[in-house]
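# Coordinate inspection notes
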Amino acid sequence: MQELLDRGVNKVYATCRQPEKQPQKDHRIQWRALDLACADSIESLAESTNDAEWLFNNAAINHRGHALQSDQTLIHEEMAVNCLGPLRLMQLMRPRLTRAEHGRIINILSICSFAGMPSLGGYCASKAALYSLCQSIAPALNQGGISLHNVFPGPIDTDMNADQEIPNMVSPESVATHIIDAVLNNQSLIYPDPQSQHDARIWLQDPLELQKQYQRY
C-alpha cells in the first residue's frame with residue numbers, strides 16, 4: 001500500500017476485517033471491511049469500489065500442519081480465504097476493471113504453489129488451486145482488457161512468519177517495490193525475491209527436484 005502511495009496513487013482501497021481499528025494516516029487510504037470467507041462481505045466491497053483500476057488479492061491465512069493430520073475445518077478455511085474468496089472477488093470486480101483504462105489484477109500467491117510442503121499442506125494446496133484458476137480465467141480477463149499478474153514470493157518477514165525461524169526472509173517493502181515494477185513492465189509471472197527466483201529456476205528445470213527439496217519442510 002505504501003509503495004503505491006509513494007508513487008503518487010490518488011486513492012487506495014485498503015481492506016481488513018475491522019477497518020474501524022485502523023489508523024487514518026493518509027487521506028488517500030479508504031478502509032473497507034472484508035472477510036474473504038463471507039460472500040456478503042465480498043459483494044459489499046465490490047459494490048463500494050466502482051472506480052477501482054487495480055485489484056490486489058493479498059490476504060491469506062496459514063494454519064500450518066500436515067494435510068493427513070489437520071482438522072478439515074482449518075483446510076476448508078484456508079481454501080475459502082486463499083482461493084475461493086479471491087476468485088469471487090475477481091468475478092465481481094471484472095466489470096469494473098474492464099471499464100478502467102488499464103485494469104489489472106495482481107494475485108499474491110506463493111512459490112509453494114509449485115510444490116507442496118508437508119508442514120503447510122492446506123496453505124500450499126490453496127495457493128496452487130488459485131494459480132490453476134488464474135490460468136483458466138486469464139484469457140477471458142485479457143479479452144476484457146484486464147492484465148493478470150501472478151506473484152510467487154518466497155518467505156517474507158510478515159506477521160504470518162513472525163514466530164517462525166525461517167532463513168532468507170526479505171522485507172515486505174522490497175517485495176512491494178519489485179512487484180509494482182514488474183506489473184508496470186507487464187510481467188505476468190513475478191518472482192519478487194532471491195529465494196523465489198532461485199526456486200523458480202529449479203522448478204523450470206526439474207519440477208520433481210523442487211518437490212524433493214520442499215518435502216524436507
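Residues numbered from 1 in each chain as written. Predicted model: local features only at pLDDT ≥ 70, side-chain atom pairs only at ≥ 80, totals over all residues. Heavy atoms only, no water.

### Quick look at the packing of helix α2 (residues 39–47) against helix α3 (residues 72–99)
Cut-off, in case you're wondering: To get an axis, fit a line to the C-alpha atoms, keeping to the stretch in contact for a helix; angles then go from 0 to 180 degrees between the N-to-C directions. Starting at the N terminus, helices and strands are each numbered in turn, a helix being any DSSP run of H or I of at least four residues and a strand any DSSP run of E of at least two. The cut-offs work like this: below 35 degrees is roughly parallel, past 145 is roughly antiparallel, 65 to 115 is roughly perpendicular, and the gaps in between are oblique. By convention the crossing between two helices is left-handed if the near helix lies anticlockwise of the far one by an angle smaller than a right angle, and right-handed if it lies clockwise. Contacts are assigned to residue pairs with any non-hydrogen atoms lying within 4.5 Å of each other. Amino acids outside the nonpolar list (Ala, Val, Leu, Ile, Met, Phe, Trp, Tyr, Cys, Pro) and the charged list (Asp, Glu, Lys, Arg) are all regarded as polar, and Gly is one of them.
Two elements in contact, α2 and α3, have axes separated by 10 Å at closest approach and are oriented at 25°. Considered as vectors, α2 and α3 are oriented roughly parallel to each other. In terms of crossing hand, the pair formed by α2 and α3 is right-handed. Taken together, the residues of α3 that come into contact with α2 (itself represented by Ile42, Glu43, Leu45, Ala46 and Glu47) are Gly85, Arg88, Leu89, Leu92, Met93 and Arg96. Its residues placed into classes, the contact of α2 with α3 shows six nonpolar, one polar and four charged.

### Describing the side chain of serine 41
For serine 41, the position within the fold is in helix α2. Residue contacts for serine 41: discarding those within four places in its chain leaves Ala33, Leu34 and Asp35.

### Comments concerning the environment of proline 194
Heads up, the rule is: Accessible area is worked out with a 1.4 Å probe on protein chains only. A residue is then buried under 20% of its type maximum, exposed over 50%, and partly exposed in between.
With respect to the secondary-structure elements, proline 194 resides in helix α6 (residues 194–205). Relative accessible area serves as the criterion here: at 57%, proline 194 is assigned to the exposed category. In sequence terms proline 194 and glycine 154 are 40 residues apart; their C-alpha atoms lie 8.0 Å from each other.

### Digging into the pattern of salt bridges
Pairing is possible between side chains that carry opposite charge, provided their charged atoms lie close to one another. Quick reminder of the rule: A pair is scored as a salt bridge if a Lys or Arg side-chain nitrogen falls within 4 Å of a carboxyl oxygen belonging to Asp or Glu.
Applying the stated criterion to the full structure yields six salt bridges. With its nearest N and O atoms 3.7 Å apart, the salt bridge here joins arginine 88 to glutamate 43. Placement of arginine 88 in helix α3 and of glutamate 43 in helix α2 is noted, with a sequence separation of 45 residues between them. Among the residues examined, arginine 88 registers a relative accessible area of 31% and is labelled partly exposed. Classification of glutamate 43 by relative accessible area gives partly exposed; the value is 31%. Residues joined in a network through salt bridges with shared partners are Glu3, Arg7 and Asp181.

### Some thoughts on the side chain of serine 196
Within the fold, serine 196 resides in helix α6. On the accessibility criterion, serine 196 (0% relative accessible area) is buried. For serine 196, the contacting residues outside a window of four places in its chain are Ile111, Phe152, Pro153, Gly154 and Tyr191.

### Side note on unusual backbone geometry
Even without being a glycine, arginine 64 presents a positive backbone phi close to 60°. Note on arginine 64: relative accessible area 27%, which makes it partly exposed. Of note in this structure, asparagine 186 is not a glycine but carries a positive phi near 60°. Secondary-structure assignment places asparagine 186 in the loop between α5 (172–184) and β6 (189–190).

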